[in-house]
Amino acid sequence: MSDIKSTKTQTFSRRSILKAFAAVPVLGAFGYGVFRKRTYDSEIRDQIVKELGISYNPPVLPAIKGVDMSKPIKVGIIGYGIRGEQLMRAAGFANPATIDEWEESAKKNSNDHRLEEFLSQEDLNLQFTGACDLFDVRAKSALEACSNLKRKGVKEQASQLTCKRYLNYKEMLASPDIDAVIIATPDHWHTQIAIDAALEGKHVYVEKGMTRTIDEVYQLAEVIKKTGVVFQLGHQGRQTESFIKAKEIIDQGLIGKINLIEVCTNRNSPNGAWVYDIHPEASEKTIDWEQFQGPTPNRVPFSKERFFRWRCWWDYGTGLGGDLLTHEYDALNQILNLGIPHSCVASGGVYYYKDGREVPDVFQAVYEYPDRDFTFMYSASLASNRDRGKIIMGHDGNMTIGGELIVYADPESTKYKALIDKGVIDPANPIFLYSPGSKRIDAVTSATAKYFAGRGLLYTYRQGKRVDTTHLHIKEWTDCIRTQQQPSCNIDQGFQEAITAHMATISYREGVKIYWDKEKQVIIKGEPAKI
Amino acid sequence: MHRKNGFHSYSNSQLTLLVILRILIGWHFLYEGVTKLLSSSWSSIGYLADSKGFMSGIFLSWAGDPDVVKIIDFMNMWGLTLVGLGLIMGCLTRISIIGGILLLAFYYLSPPPMVGYTFALPSEGSYLWVNKNLIEIFALAVLYVFPTQQIFGIDRLIFKKRIRD
């Protein structure tokens, strides 16, 4: 062919150069195409941003100023079960055996960042000086964790315990060596311990559900307000970045007038259904059963099942209402300032786990907010993983909230009609997607952990870095203790959470619709209160 | 089509179609690369994490290491872009073709379309064993054995000396 012949010449012929660069027009066309597409995409994005006035930046997080970290806060842990252990780790104290376990696991699975994250967790300058658990094995483990100041494994474990075991929480509260307590007992003990602690002037971090009965809500709120101790309820979702961003977006009216909110907490594993392991060393000798029963009116003989799986009985907890509905409600209360609903109807049953439990494993609650013109609906099964997310539905769009945030415009939206008609907004594609930490993959180790992670309850992101939400929640509490102010999930928020959850539990148990009398601040069973 | 002086001699239609094929594949690579370069949020992590099959252990372990992911992201973005440019311009074409085949082999093996594998990432078609990655690999192999870059391409200047010798 001619081009081969041309190579015989010593210099490049014009023809040869033309052939060498024959594809340049293709590159020109390519460049033009890319430019057109980029311009079009950015125009659409700019137009959406301009029209909606939204920002894709991480939310501005409220910071507590003037925190003096120099003096340690002396903390006591009351209840070192599954949650108590997690709270201790979030506060910076892990059992040496756990450190070893994480280290081993990280060697086998490079996605397992638990140790790395624990070690990089900020030192909150806390001293765990007291531990209280009614099961000897857990009490010993708590002491080891409290004394693990250097966050080391078993081989480098501290030889001396720096923490005292108290057999009764009252002795701990009487000690001058305690400034604050973390209460992670079963729910039936929450109120009594929190009240006693507040009366002793100790600051309180208490797990959800805040109380076991509705009467206790009033008692606890009164004492906390009266004493002025720093109170934080354990809804760590308060720290989830996407929830904070969701509030920003909702406040800007992105989805229009809200009319229906659906939340769900489905999960499908024995652990998720509170069928926790019974420790082989559990016995009447190692467990203080009488003290465990404590304020429960219904006294029963020693039962390992009841001790370890207490969430399944009304004597100790409030089932899905107090355990999981509260997290969902608190997330939405944070975003929408829901407050206490006007009414509630709940239903459900024990449909799958027929293991002698009293609390339902399928549970629904429908709350009405006539003054806000919307319904808040909670639905849960402990025997199905079908997740429906947290969805806020408005006339102009809907928002799905989890670890990330997705907003779709509604095809029939009035607000977006012009933009939809112009083709700027396509209702099939999100108009807003906020996905913090999307460049990283994380190992989440169990079905229950995956459940919590998907709800933004396990970890969140700060400056793109994954952080345990419980750590941030405890940090907020201790920062508030140091600066003498109340944290985000304070007693007012706790009051709303607890009343709302009890309305559902009472409705289910008594088969009546429950109303809230806003003026008298009491619930009314079965007859409507004035709106 | 026959070889002449160690080079292919094509009919006009053969040459035209081969060059078009080279440019189209190049365009595909270049746009994939440029889009990733221009997108601040793109990462290979989702793709790696969705891996199935005999290579999945390696891909998943890569996905778990942020530093490795950074390297893979960099190599993908620039690899795709340079392979694309090479193919369109007929510049260092053989290296580009080999690079392209390697990249495609990774994409093919990360989630191979085998019986019993399902994926989190949505697929735009239905595939069994043969998918578009595999076809593109063989299209590149065809371009390797039927080169056009020394007829239409910068390689005709780069390799001029060697050709003359």
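Residues numbered from 1 in each chain as written. Chains lettered and ligands numbered in written order. Predicted model: local features only at pLDDT ≥ 70, side-chain atom pairs only at ≥ 80, totals over all residues. Heavy atoms only, no water.

Engineer: Explain the overall build of chain B to me, please; I cannot follow it from the model alone.
Structural biologist: Broken down by element type, chain B carries eight helices and two strands. For chain B, the residues scored as buried account for 45% of the 165 residues in total. Total accessible area computed for chain B in this model is approximately 8,700 Å², and 71% of it derives from carbon and sulfur atoms. (Helix = DSSP H or I, 4+ residues; strand = E, 2+ residues; numbered from the N terminus. Buried < 20%, exposed > 50% of the residue type's maximum accessible area, 1.4 Å probe, protein only. Areas by Shrake-Rupley, 256 points an atom, 1.4 Å probe, with all protein chains shown as cover.)

Engineer: Help me understand the side chain of His 502 of chain A in this model?
Structural biologist: Inspection of the secondary structure puts His 502 of chain A in helix α18 (residues 491-510). At a separation of 3.3 Å, a polar atom in the side chain of His 502 of chain A contacts the main-chain carbonyl oxygen of Thr 213 of chain A. (Polar contact = N/O pair within 3.5 Å; in protein donor to acceptor, adjacent residues only side chain to side chain.)

Engineer: Whenever I open this one, the domain arrangement of chain A confuses me. Can you help?
Structural biologist: Buried accessible area, meaning the area lost when the parts come together, often serves as the stated size of an interface. All names here are of chain A. Domain assignment breaks chain A into domain 1 (2-52), domain 2 (73-237) and domain 3 (240-459 + 491-525). Between the C-alpha centres of domain 2 and domain 3 the distance comes to 24 Å. Contact residues are listed per partner, giving 39 residues for domain 2 and 52 residues for domain 3. Interface area for domain 2 against domain 3, summed over the two sides, is near 3,700 Å², with a carbon-plus-sulfur share of 60%. For domain 2, the biggest contributors to the area lost against domain 3 are Leu 134, Phe 135 and Arg 212; these three give 18% of the whole. Linking domain 2 with domain 3 are two salt bridges, by the criterion used here. In this structure, Lys 208 engages Asp 323 in a salt bridge whose closest nitrogen and oxygen atoms are separated by 2.8 Å. Counting across the interface, domain 2 meets domain 3 through 18 residue pairs in polar contact (both at pLDDT 80 or more). (Domains from an automatic or database assignment. Contact = heavy atoms within 4.5 Å. Buried area = accessible area lost by both parts, 1.4 Å probe. Salt bridge = Lys/Arg side-chain N within 4 Å of Asp/Glu carboxyl O.)

Engineer: Explanation requested: the environment of Ile 58 of chain B in the structure shown.
Structural biologist: With respect to the helices and strands, the residue Ile 58 of chain B is situated in helix α3 (residues 56-63). As a C-alpha pair, Ile 58 of chain B and Asn 131 of chain B span 73 residues in sequence and 22 Å in three-dimensional space.

Engineer: Any chance you could explain helix α4 (residues 66-89) of chain B here in plain terms?
Structural biologist: Owing to its 3.6 residues per turn, the α-helix brings residues three or four apart onto one side. The terminal C-alpha atoms of α4 of chain B lie 34 Å apart, and with 24 residues this matches the ideal 34 Å at 1.5 Å per residue to within 8%. Phi for Gly 90 of chain B, located one or two positions after α4 of chain B, is positive at around 65°. (Expected span 1.5 Å × (residues − 1).)

Engineer: Help me understand the environment of Ala 63 of chain A in this model?
Structural biologist: Residue and element names in this part refer to chain A. Along the polypeptide, Ala 63 turns up in the loop between α3 (24-52) and β1 (73-78). A relative accessible area of 60% places Ala 63 in the exposed class. Sequence-wise, Ala 63 and Ala 22 are 41 residues apart; in three dimensions their C-alpha atoms are separated by 60 Å.

Engineer: What's the story with the packing of helix α9 (residues 187-199) of chain A against helix α10 (residues 214-227) of chain A in this structure? I'm lost.
Structural biologist: For any two helices packed against each other, the geometry is given by the interaxial angle and the distance between the axes. Residue and element names in this part refer to chain A. The interhelical angle for the contact between α9 and α10, taken along N-to-C directions, is 20°, at an axis separation of 9 Å. By the angle between their directions, the pair α9 and α10 is classed as roughly parallel. When you trace α9 past α10, the crossing you get is left-handed. Two secondary-structure elements touch here, α9 through His 188, Thr 191, Ala 194, Ile 195, Ala 198 and Leu 199 and α10 through Glu 216, Gln 219, Leu 220, Val 223, Ile 224 and Thr 227. (Axes fitted to C-alpha atoms, helices over the stretch in contact; angles between N-to-C directions. Parallel < 35°, antiparallel > 145°, perpendicular 65-115°, else oblique. Left-handed = near helix turned anticlockwise from the far one by under 90°.)

Engineer: Mind showing me how you'd approach the sheet that holds strand β5 (residues 203-206) of chain A here?
Structural biologist: Residue and element names in this part refer to chain A. What the six strands build is an open sheet, ordered β3-β2-β1-β4-β5-β6; its pairing is parallel. Looking at which strands have only one partner, the edges of the open sheet turn out to be β3 (164-165) and β6 (231-233). In this sheet, strand β2 (residues 126-132) lies alongside β1 in parallel orientation, the contact comprising six bridges. By the bridge assignment, Val 75 is partnered in β2 with Phe 128. (Pairing = 2+ DSSP bridges.)

Engineer: Which parts of the structure should I look at to understand the confidence of the model for chain B?
Structural biologist: Parts of the prediction with low pLDDT should not have their coordinates interpreted in detail. Chain-level statistics for chain B give a pLDDT mean of 85 and a share of 87% at 70 or above. Highest mean pLDDT in chain B belongs to helix α6 (residues 132-145) of chain B (95); lowest belongs to helix α8 (residues 160-164) of chain B (56). (pLDDT = per-residue confidence, 0-100.)

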